[in-house]
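# Survey of secondary and tertiary structure
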Amino acid sequence: MAEQKFEVKGTFKIGDDWKPYTKVVGAPNSRQAEERVYATIGSEHRLKRMYITINGITPVDGE
C-alpha cells in the first residue's frame, strides 16, 4: 500500500503553556499518521503522549 500524506493539527505542552502545531507526515493510513506524530513530537521535545493532543487529521491531496 502506498503512503499518503496527512496533515495533523493539535497542541503540545511546553512548561505551563500549550503550543499549537501542524505537521505533514507520510503514512499508509490516518491511525499510522497519528502514531508518527506522537513519536516525532515526543522525541523532539521529550514529551509523553499525555502532553500531546491531536485535534484533527486530514489527508493532503497529491502533488
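Shown above is the structure to which this text applies.
Residues numbered from 1 in each chain as written. Predicted model: local features only at pLDDT ≥ 70, side-chain atom pairs only at ≥ 80, totals over all residues. Heavy atoms only, no water.

## What to know about the environment of threonine 58
Position of threonine 58 relative to the elements: it lies in strand S3 (residues 52–59). Residue threonine 58 is classed as partly exposed on the basis of its relative accessible area, which comes to 40%. With residues up to four places along the chain from it excluded, the contact list for threonine 58 reads Lys5, Phe6 and Glu7. (Helix = DSSP H or I, 4+ residues; strand = E, 2+ residues; numbered from the N terminus. Buried < 20%, exposed > 50% of the residue type's maximum accessible area, 1.4 Å probe, protein only. Contact = heavy atoms within 4.5 Å.)

## Things to note about helix H1 (residues 30–45)
Along its 16 residues, H1 runs 22 Å from first to last C-alpha, staying within 8% of the 22 Å computed at 1.5 Å per residue. Buried within H1 are the following residues: Ala33, Glu34, Val37, Tyr38, Ile41 and Gly42. Taken end-on, H1 shows its buried residues confined to a sector of 160°, consistent with a single buried face. The distance from a side-chain oxygen at the start of H1 to the backbone nitrogen of arginine 31 is 3.2 Å, and the residue carrying that oxygen is asparagine 29. Arginine 46, located one to two residues past H1, shows a positive phi value of around 55°. (Expected span 1.5 Å × (residues − 1). Arc of directions from axis to C-beta. Polar contact = N/O pair within 3.5 Å; in protein donor to acceptor, adjacent residues only side chain to side chain.)

## Digging into a nonpolar patch on the surface
A surface patch of nonpolar side chains, amounting to about 330 Å² of accessible area, comprises Trp18, Met50 and Tyr51. In this structure, tryptophan 18 sits in strand S2 (residues 17–27). (Patch = residues over 30% accessible without salt bridge, like charges linked within 9 Å, V, L, I, M, F, W, Y side chains within 5 Å. Areas by Shrake-Rupley, 256 points an atom, 1.4 Å probe, with all protein chains shown as cover. Salt bridge = Lys/Arg side-chain N within 4 Å of Asp/Glu carboxyl O.)

## Quick notes on the pattern of salt bridges
Two side chains bearing opposite charge may form a pair once their charged atoms approach each other closely. Under the definition given, this model contains six salt bridges. Between arginine 31 and glutamate 34 there is a salt bridge, with the nearest N and O atoms lying 3.0 Å from each other. Of the two residues, arginine 31 and glutamate 34 both sit in helix H1, three residues apart, roughly one turn of that helix. Arginine 31 is the partner of glutamate 35 in a salt bridge, and the nearest nitrogen-oxygen pair spans 3.2 Å.

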